[in-house]
Amino acid sequence: MKRRYKILLIIIIGIIITFIINFSVQDNKLSLVSLGDGFSLGMISYNTVGVSYNDYLKDYLDNKNKLKNYNNEFSKELYDIENLYNDLENNTLSIKTKTPLKQIISKANILTIGIGMDEIMDYHIKNKLNEERINNYLNYYSKLIKDIRTFYDKDLIILSLYPSFNIDKNIIYKINKNLESIAVLNKCKYIDITAIGLNKENYLDNTTYYLNYKGNKEIYNIIRKVIKI
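A quick note: this is a predicted structure, and the numbers were derived from the prediction, not measured.

Draft legend 1. Focus on the nonpolar core. Counting 63 residues, the largest nonpolar core has Leu35, Ile113, Tyr141 and Ile148 as the members making the most contacts within it. Among all residues touching Leu35, those that are not within four sequence positions of it are Ser40, Phe74, Ser75, Leu84, Leu101, Ile105, Leu111, Thr112, Ile113, Gly114 and Ile148.

If you want it as structure tokens, here you go:
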């Protein structure tokens, strides 16, 4: 009888130890969340999705057995900053997992935000880019980051815009200067990818402002160094 109790005790202890080990390993893993437009999603041309900087980061974490989960449900082609802000305020449910946006963000260990290329380039292409629209974009961006920071205090990475499609570089520089200020004020990590956007080798061809896999991989390498993983 005593021997049975000993065996049972050993089994119970074994189960507890296994649970603790599995919990510890899982707890050390990281959740990656990306928010943004077609740039964040990894578009390489219209209606064609490639490999984004987020995908490279996800694969890196996965290969290192450090990935808990990856969510890019709020990275969408033609998604603009006002709609993203409204989705945050309304705590919109994601389409696939039906999870509220704030819950998705709050569970992230790494949050990347790359939004504005679709919006700004669309205005530029249609010859509608002006001071009012730029200020509207920046105001919504500032409100978005401030609101996120009310409940999220982990790594938040803001990606700059980049010059493309013959847009006046000074316009992008001005926008990026403001994005950097927003990042500093809200204790975010800011990554300037202007140089990557100026390199013609980082595009599929001259018919798209989206970066190719090479450009996205360069961004991923910068992010990995910035967050030191």
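Draft legend 2. Spotlight on the pattern of salt bridges. Inspection of every chain in the model, using the stated rule, returns six salt bridges. A salt bridge links Asp155 to Lys189; the nearest nitrogen and oxygen atoms lie 2.7 Å apart. Pair noted here: Asp155 is in strand β6 (residues 155-159) and Lys189 is in strand β7 (residues 189-191), with a separation of 34 residues, a long-range link. Owing to a relative accessible area of 23%, Asp155 belongs among the partly exposed residues under this scheme. Here Lys189 falls in the partly exposed class, since its relative accessible area comes to 29%. Between Lys214 and Glu201 there is a salt bridge, with the nearest N and O atoms lying 3.9 Å from each other. With Lys214 in helix α10 (residues 213-227) and Glu201 in the loop between α9 (194-198) and α10, this residue pair connects regions lying 13 residues apart in the sequence. Judged by relative accessible area, which is 55%, Glu201 ranks as exposed. The structure contains a network of salt bridges with shared partners spanning Glu201, Lys214 and Glu218.

Criteria and thresholds
- Residues numbered from 1 in each chain as written.
- Predicted model: local features only at pLDDT ≥ 70, side-chain atom pairs only at ≥ 80, totals over all residues.
- Heavy atoms only, no water.
- Core = buried A, V, L, I, M, F, W, Y, C linked by side-chain atoms within 4.5 Å.
- Buried < 20%, exposed > 50% of the residue type's maximum accessible area, 1.4 Å probe, protein only.
- Contact = heavy atoms within 4.5 Å.
- Salt bridge = Lys/Arg side-chain N within 4 Å of Asp/Glu carboxyl O.
- Helix = DSSP H or I, 4+ residues; strand = E, 2+ residues; numbered from the N terminus.

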